[in-house]
Amino acid sequence: MKKHQDWNGKYCPHRILNEKRWNSFLKRIEDAMNNENEVTEKDDDKLKFTNETTKAAVRDHIKQTMDKKLIYKSWLDKF
């Protein structure tokens, strides 16, 4: 596993690097590869919000984007 930084000098993946999580990230990949037959918990694939104003704005944006046929209705169903 290589970082973008290893190839082009870009500080990426910046969040993982800033939080000094690169080694734990590699370990999680290794663990996942070693347990390839183990079933992992799947989330419910639903968007969740704690702020109703943000939720309404996102819903409107999804509807407008769907009306322009830029995304499928399934995005609104996940909402």
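The rules behind each value
- Residues numbered from 1 in each chain as written.
- Predicted model: local features only at pLDDT ≥ 70, side-chain atom pairs only at ≥ 80, totals over all residues.
- Heavy atoms only, no water.
- Helix = DSSP H or I, 4+ residues; strand = E, 2+ residues; numbered from the N terminus.
- Expected span 1.5 Å × (residues − 1).
- Polar contact = N/O pair within 3.5 Å; in protein donor to acceptor, adjacent residues only side chain to side chain.
- Salt bridge = Lys/Arg side-chain N within 4 Å of Asp/Glu carboxyl O.
- Buried < 20%, exposed > 50% of the residue type's maximum accessible area, 1.4 Å probe, protein only.

A.B. asks: So what exactly am I meant to see when it comes to helix 4 (residues 52-67) here?
C.D. replies: Residues spaced three or four apart along an α-helix point in a common direction, a consequence of the helix completing one turn every 3.6 residues. With 16 residues, helix 4 extends 22 Å between its outermost C-alpha atoms, agreeing within 8% with the 22 Å of an ideal straight helix rising 1.5 Å per residue. The N-capping residue of helix 4, defined by a side-chain oxygen 2.8 Å from the backbone nitrogen of Thr 53, is Asn 51. Positive phi shows up at Lys 69, right after helix 4, with a value of about 60°.

A.B. asks: How do you make sense of the pattern of salt bridges when you look at a structure like this?
C.D. replies: Close approach of charged atoms allows side chains with opposite charge to pair. Summed over the entire model, instances satisfying the criterion amount to four salt bridges. The partner of Asp 6 in a salt bridge is Lys 3, and the shortest N-O contact between them spans 4.0 Å. On the accessibility criterion, Lys 3 (15% relative accessible area) is buried. Taking the shortest distance from any N to any O, the salt bridge between Arg 21 and Glu 19 comes out at 2.6 Å. For Arg 21, a relative accessible area of 31% corresponds to the partly exposed category. The partly exposed category is assigned to Glu 19, whose relative accessible area is 39%. The network of salt bridges with shared partners includes Arg 15, Glu 19 and Arg 21.

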